[in-house]
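Spelled out from the first residue to the last, the chains are:
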Amino acid sequence: MRRTSIIAIDGPAASGKSSTAQMVAEKLDYLHVDSGSLYRAATAAILRAQPNPDEWTERSVLDAARGVELRAARTSFYPVLDNRAIEEEIRGADVTRNVSRVAQMPRVREWVNAKVRDAAASSNVVVDGRDMGTVVFPEADLKIFLVADSRERAARRLRQRGTPTSEKLLDDETLRIIERDARDARQTVPAADAAIIDTTSLTQREQVERIVNLWIEQSG
Ligand code: CDP
């Protein structure tokens, strides 16, 4: 019997899943697990081994990903590659451009799912991704699906990067997000029992409060 609690937060690219999941985890004293960081770590690993994505196979990606581990810190799990933190590398443009290709590989998905389930076996967790409430934890205690307008999501990504912006950059980023949505569409479907929250006009704090309140209502 499972004894830990699981809150699953899913949604499309840049819908605010990871930052929201991190804040919810801190409020509840749970650990945050970002499943996307594992897809990104596997992509960083194969990019180091083979810079040409056309040459990648499921086997070569899994081999490269053998150096990836998920470690627990105070408030979250984070991936390491060959014992080194790789946060900056996994957020880079090269990884972002190629991660959906790696995420289409069924055995890579199994590899990620096993690591995320291991993390949830030993701690109360807030997990985020695309299929946490459907495939990985259909038994999750609370399921949230975040949505937001694509242009608003692009604006958030640009703000997050902290670089100067323009209408042209916003158009380009919106297009990249729409393209990634299309590539990830198959696994980005809300669970039938998920609460859908449109965050287009919510602040980060408001969306965190809504989720924490849902959790309190449900467990009280
Ligand atoms: O938040 P953002 O969409 O930028 O990305 P992420 O959560 O870091 O995930 C990066 C990529 O990993 C996504 O574009 C998906 O291709 C893949 N992914 C997935 O397929 N399933 C998950 N549970 C999490 C991420």
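For the structure itself, consult the block above.
Definitions and cut-offs
- Residues numbered from 1 in each chain as written.
- Predicted model: local features only at pLDDT ≥ 70, side-chain atom pairs only at ≥ 80, totals over all residues.
- Heavy atoms only, no water.
- Buried < 20%, exposed > 50% of the residue type's maximum accessible area, 1.4 Å probe, protein only.
- Helix = DSSP H or I, 4+ residues; strand = E, 2+ residues; numbered from the N terminus.
- Pairing = 2+ DSSP bridges.
- Core = buried A, V, L, I, M, F, W, Y, C linked by side-chain atoms within 4.5 Å.
- Contact = heavy atoms within 4.5 Å.
- Near = heavy atom within 4 Å.
- Polar contact = N/O pair within 3.5 Å; in protein donor to acceptor, adjacent residues only side chain to side chain.
- Axes fitted to C-alpha atoms, helices over the stretch in contact; angles between N-to-C directions.

*Asks:* Can you walk me through the pairing of strand E2 (residues 31-34) in this structure?
*Replies:* Looking down a regular strand, the side chains alternate between one sheet face and the other. Alternating positions in E2 separate into two faces, Leu31 and Val33 on one and His32 and Asp34 on the other, with burial throughout. When E2 meets strand E6 (residues 125-129), the two strands line up parallel, connected through four bridges. Paired with Val33 across the strands is Val127, a residue of E6.

*Asks:* Would you take a moment to explain the nonpolar core for this structure?
*Replies:* Membership of the largest hydrophobic core comes to 40 residues, with the highest contact counts inside it found for Val127 and Phe137. Looking at this core, the element that brings in the most residues is helix H2 (residues 35-49), giving eight residues. With residues up to four places along the chain from it excluded, the contact list for Val127 reads Ile6, Ile7, Ala8, Ile9, Val33, Val116, Met132 and Phe137. With 16 residues, the next largest nonpolar core counts Val126, Leu142, Ile197 and Trp215 among its residues.

*Asks:* Even after reading the chapter, I still don't get the site of the ligand, so can you show me in this structure?
*Replies:* Around the ligand, the structure places 20 residues, and the nearest of them are Arg40, Arg130, Arg157, Arg180 and Asp184. Within the side chain of Lys17, a nitrogen or oxygen atom sits 3.2 Å from an oxygen atom of the ligand. Here Ser100 contributes a side-chain N or O atom positioned 3.5 Å from an oxygen atom of the ligand. The set of elements that each furnish at least two residues to the shell around the ligand consists of H2, helix H5 (93-103) and helix H9 (167-184).

*Asks:* Whenever I open this one, the sheet that holds strand E5 (residues 84-85) confuses me. Can you help?
*Replies:* Within a sheet, adjacent strands bond to each other through the backbone by hydrogen bonds, running parallel or antiparallel. An order of E3-E4-E5 is seen for the three strands of this open sheet, with the pairing classed as antiparallel. Taken across any chain shown, the strands that pair with only one partner, and hence form the sheet edges, are strand E3 (68-72) and E5. Pairing analysis gives five bridges linking E3 to strand E4 (residues 77-81), with the strands arranged antiparallel. Note on E4: the bridge partner recorded for Ala72 is Phe77.

*Asks:* I keep staring at the sheet that holds strand E7 (residues 142-147) and nothing clicks. Help me out?
*Replies:* The sheet built from five strands is open, its strands ordered E2-E6-E1-E7-E8 with parallel pairing. Two strands in the sheet have a free side with no partner beyond their single neighbour: E2 and strand E8 (195-198). Ignoring strand direction, the axes of neighbouring strands in this sheet form an average angle of 20 degrees. Relative to E8, E7 runs parallel, the two being bridged by four bridges. For Leu146, the partnering residue across the bridge sits in E8 and is Ile197. Its contacts with the sheet place H2 against E2 and E6, and it is angled at close to 45 degrees to E2.

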